[in-house]
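Below are the chains, spelled out letter by letter.
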Amino acid sequence: MKEIVVSGIRSTGKLHLGNYYGAITNFLKMQKEYNCYFFIADLHSLTTHPTPANLNDSIKTVLIDYLACGIDPEECTIYVQSDVPEIIELYLYLNMNAYLGELERATSFKDKVRSNPDNVNAGLLTYPVLMAADILIHKAVKVPVGKDQEQHLEMARTFGNRFNRLYNSDYFPEPYAFSYAKNLVKVPGLDGKGKMGKSEGDANCIYLSDTPEAIRKKVSRAVTDGGPTTENQQKPEAIQNLFDLMKIVSAEDTLAHFDEQYNKMAIRYGDFKKQLAEDMIIATNPIRERINDIANDSDYLRKVAKLGADKARESAQKTIKEIRELIGFRSF
């Protein structure tokens, strides 16, 4: 039997280069070699209280983007998280054995408290438990995650092992981070501060559906500085981020050329950004064309969602049936 892989992306709107190079490029390889479950994490998105219209549109957008990137519903299982209620049941069971102290120490929770002090809800606190349920419901052993999710994955192992000890079984295997790349990929944003992400605003992201004009405009406004002041100096974070983006989308000789220009203090950021934007346009063009085609085929989207829900529930129902037996929920 093929090893089981589980991963998902929150339904918070359009996918960007960070999602594509940080996760989906791995998905495309994995779906041919593993038993893959790729889901749209709409339950996770409720922590930010989306309106019903925005939530539904976001789920549809992510599904379209998944398919446009080449994820094949015939080779893997693509599903919407909320279409599998067994995940919520497992989330409840795991919550009974997740402790307040360990949840409060999670780095992502502390970050959310600082950035959104008026919305510190229980869903944010127990986010790692729901993520564990997403993984453990299919008994996954490989989870393609970014660096920012490694702590959550460690917590998923903790919760699974704790359940095994509590019920004297070896039911849940230990899931581990998995990437075809030697190191997990972290795609920087355009704001000069860190990874690409929607929470930092649209100007920080290059979306897979962005028009060439939008890409050029965003890259032209990316954060830079006054230029190097000594030869071969270390690049500041904002500049290194742009070079890291070029490393992802551009040819090696292009990157080498601008790196040499920087080291010689001869770089012109205008030329650098123009090249970066054009290479981003070339990289996203095939996906952008497929997005436009798939978005107009509602029957196909419904068929994919139904197929994925049926396949995911078959796996999840088996897990819940066995879990209930272990816990002691049995019919008289």
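Below is a short write-up of the structure. (Residues numbered from 1 in each chain as written. Predicted model: local features only at pLDDT ≥ 70, side-chain atom pairs only at ≥ 80, totals over all residues. Heavy atoms only, no water.)

### Topic: the packing of helix α11 (residues 237–249) against helix α12 (residues 252–263)
Their axes nearest at 9 Å, the elements α11 and α12 cross at an angle of 160°. Judged on the interaxial angle alone, α12 and α11 are roughly antiparallel. For the crossing formed where α11 meets α12, the hand is left-handed. Together, Ile239, Phe243, Met246 and Lys247 of α11 and Thr254, Leu255, Phe258, Asp259 and Tyr262 of α12 make up the contact between the two elements. Its residues assigned to classes, the contact of α11 with α12 shows six nonpolar, one polar and two charged. (Axes fitted to C-alpha atoms, helices over the stretch in contact; angles between N-to-C directions. Helix = DSSP H or I, 4+ residues; strand = E, 2+ residues; numbered from the N terminus. Parallel < 35°, antiparallel > 145°, perpendicular 65-115°, else oblique. Left-handed = near helix turned anticlockwise from the far one by under 90°. Contact = heavy atoms within 4.5 Å. Nonpolar A, V, L, I, M, F, W, Y, C, P; charged D, E, K, R; others polar.)

### Focus on the packing of aromatic side chains
The final tally for this structure, using the stated rule, is 13 aromatic pairs. Linked through ring pairs, Phe163, Tyr167, Tyr171 and Phe172 together constitute an aromatic cluster. Above the plane of the ring of Tyr207 lies Lys14, whose end atom (NZ or CZ) is 4.6 Å from the centre. Above the plane of the ring of Phe243 lies Lys235, whose end atom (NZ or CZ) is 4.6 Å from the centre. (Phe/Tyr/Trp six-rings, centres within 6.5 Å; stacked < 30°, edge-to-face > 60°. Lys NZ or Arg CZ within 6 Å of the ring centre and 35° of its normal.)

### Here we look at the state of the cysteines
Note on terminology: disulfide describes a covalent bond linking the sulfur atoms of two cysteines. Counted according to the given criterion, the structure contains zero disulfides. Counting only cysteine sulfurs, Cys76 is the nearest neighbor of Cys36, a cysteine outside any disulfide, at a range of 6.2 Å. With no disulfide of its own, Cys205 lies 14 Å from the sulfur of Cys69, the closest cysteine sulfur. Residue Cys205 is classed as buried on the basis of its relative accessible area of 0%. (Disulfide = S-S within 2.5 Å. Buried < 20%, exposed > 50% of the residue type's maximum accessible area, 1.4 Å probe, protein only.)

### Some thoughts on the nonpolar core
Counting 60 residues, the largest nonpolar core has Ile24, Phe38, Tyr66, Ile71 and Met280 as its most contacted members. When residues no more than four places from it in sequence are discounted, the contact partners of Phe38 are Val5, Ser7, Phe27, Met30, Gln31, Tyr66, Ile71, Cys76, Thr77, Ile78 and Tyr79. In terms of nonpolar packing, the next biggest core, distinct from the first, is built from 42 residues, Val6, Tyr79, Tyr171 and Phe172 among them. (Core = buried A, V, L, I, M, F, W, Y, C linked by side-chain atoms within 4.5 Å.)

### Observations concerning the pattern of salt bridges
Tallied over the entire structure, the rule returns 14 salt bridges. Of the charged contacts in the structure, one is a salt bridge between Glu86 and Arg313, with a shortest N-O distance of 2.6 Å. On the criterion of sequence distance, the pair formed by Glu86 in helix α4 (residues 86–95) and Arg313 in helix α14 (residues 298–327) is long-range, its members being 227 residues apart. (Salt bridge = Lys/Arg side-chain N within 4 Å of Asp/Glu carboxyl O.)

### Concerning the side chain of Asp279
With respect to the helices and strands, the residue Asp279 is situated in helix α13 (residues 269–294). Salt bridges are absent for the buried Asp279, whose nearest opposite-charge side chain, Arg216, sits at 11 Å. Once residues lying within four places of it in the same chain are set aside, the contact partners of Asp279 are Val249, Ser250 and Thr254. (Lys, Arg positive; Asp, Glu negative; His and termini not counted.)

### Structural notes on the environment of Val223
Mapped onto the elements of the fold, Val223 is located in the loop between α10 (212–220) and α11. When its relative accessible area of 34% is taken as the criterion, Val223 is described as partly exposed. It is 14 Å that separates the C-alpha atoms of Val223 and Asp244, two residues lying 21 residues apart in sequence. With residues up to four places along the chain from it excluded, the contact list for Val223 reads Leu190, Asp191, Gly192, Ala238 and Leu242.

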